[in-house]
Amino acid sequence: MKMIWLCAGLVFTGQIFAADEWRPLFNGKDLSDWDTFLSRPDKSFEVPGLERDAEGEYTGAIGQNKDPLGVFKVAEVDGEPAIHVSGQGNGTITTKESFGDFDLKMEFKWGEKRWAPRETAPRDCGLLYAVHGDLGGVWNTWPKSVEFQIQEGDTGDLWTVGTRATALATKNDKGLWIYDPEGKSTDFELKTEIGNRCVKSPDAEKPSGEWNLLEMSFVKGNATHIVNGVVVLKLTNCMRLDGKAPQLLTEGKISLQTEGAEVFYRRIEIREK
């Protein structure tokens, strides 16, 4: 029997970790510490047993902890274990554990495969944090969360997913809000004129096929996005919007997305504060 003691540190799967010590979220062997969710698949996919309508469209999501297409697997890549995400369809793999104040670091790199309907779009996925509620709570696809965007050319962007967050930003001549430490305090939320995206600045992503290091901190509802050692976005006042009134968002799970492109995640570590 494994016993869990809470004192000066945390015993996690039999090991003691101090509050300020890095520990892995991916054990390198299997995905037993994670839950999966897959949304309604593209009609071109063959999903045994999933109902279709008269036009051949699927009528519902694949759901939680069901992965008939083998989207989420463990693989050895460049000599070490990684979470291999095929990219076939939309969904997430989410920690069973929730976290309050923390630092997080991980690496990702793109694979080759892309799937309908995004075969020609930029490769896309994401790191979601402060995840709360049902895993398919937004559009029966994503959990309510704050997103550290991972997309070719856009890695580090903020997307609020059923949430709200504030960043210093300036609107450019294309109508996009760009992170700007000298800009004005701006709230990002989906159902508003401004919308739920703040573009990172600068662009620090490496070319596709190379490993990228992502780092972030999340403390008392404030977050920092760091790409390959460069701070590309800071945000404050992350708010959850699923109650009678907005509340400061201070904890939640961690999700990694599948969104139409093959991707590998590795060296996923957290340091709780």
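Residues numbered from 1 in each chain as written. Predicted model: local features only at pLDDT ≥ 70, side-chain atom pairs only at ≥ 80, totals over all residues. Heavy atoms only, no water.

Caption draft 1: Up close: the environment of Glu-182. When you line up the elements, Glu-182 lands in the loop between β14 (177-179) and β15 (184-188). When the C-alpha atoms of Glu-182 and Glu-193 are compared, they prove to be 22 Å apart, with 11 residues separating the residues in sequence. (Helix = DSSP H or I, 4+ residues; strand = E, 2+ residues; numbered from the N terminus.)

Caption draft 2: Main features of the confidence of the model for the protein. Looking at the protein as a whole, its pLDDT mean stands at 94, while 93% of the residues score no less than 70. Every residue in residues 1-14 is under pLDDT 50, and counting partners more than four places away or in other chains gives 18 contacts. (pLDDT = per-residue confidence, 0-100. Contact = heavy atoms within 4.5 Å.)

Caption draft 3: Spotlight on the sheet that holds strand β8 (residues 90-95). Spatial ordering of the open sheet is given by β5-β4-β8-β21-β10-β11-β12-β16, a layout of eight strands whose pairing is antiparallel. Each edge of the open sheet carries a strand with a single partner, namely β5 (63-64) and β16 (197-198). Pairing of strand β12 (residues 158-161) with β16 involves two bridges; the strand directions are antiparallel. Looking at β16, one finds that Leu-158 is bridged to Cys-198. (Pairing = 2+ DSSP bridges.)

Caption draft 4: Main features of the packing of aromatic side chains. According to the stated counting rule, one finds five aromatic pairs in the structure shown. Look at Phe-102 and Phe-218: their rings are 5.7 Å apart centre to centre, the planes differ by 45°, and that puts the pair in the tilted class. Within this pair, whereas Phe-102 is found in strand β9 (residues 102-114), its partner Phe-218 is found in strand β17 (residues 212-219), the two being separated by 116 residues in sequence. This pair shows no difference in class: Phe-102 is buried, exactly as Phe-218 is. Taken together, the ring pairs connect Phe-99, Phe-102, Tyr-129 and Phe-218 into an aromatic cluster. It is Lys-105 that lies over the ring of Trp-22; its NZ or CZ is 4.3 Å from the centre. If you follow Arg-266 out to its NZ or CZ, it ends over the ring of Trp-211, 3.8 Å from the centre. (Phe/Tyr/Trp six-rings, centres within 6.5 Å; stacked < 30°, edge-to-face > 60°. Buried < 20%, exposed > 50% of the residue type's maximum accessible area, 1.4 Å probe, protein only. Lys NZ or Arg CZ within 6 Å of the ring centre and 35° of its normal.)

Caption draft 5: Inspection of the pairing of strand β7 (residues 80-85) at higher detail. Here strand β6 (residues 72-77) runs beside β7; their pairing, made up of six bridges, is antiparallel. Note on β7: the bridge partner recorded for Glu-76 is Pro-81. Linking β6 to β7, which pair antiparallel, is a turn of two residues; within it Asp-78 sits at a positive phi near 50°. The pairing of β7 with strand β22 (residues 261-272) spans three bridges and is antiparallel. The residue bridging His-84 from the neighbouring strand is Phe-264, located in β22.

Caption draft 6: Layout of the pattern of salt bridges. Evaluation of the coordinates by the stated rule reveals 19 salt bridges. Taking the shortest distance from any N to any O, the salt bridge between Arg-267 and Glu-80 comes out at 2.6 Å. Pair noted here: Arg-267 is in strand β22 and Glu-80 is in strand β7, with a separation of 187 residues, a long-range link. Arg-267 sits in the partly exposed class, given a relative accessible area of 40%. A cluster of three or more residues bridged by salt bridges with shared partners is formed by Glu-80, Glu-107, Arg-266 and Arg-267. (Salt bridge = Lys/Arg side-chain N within 4 Å of Asp/Glu carboxyl O.)

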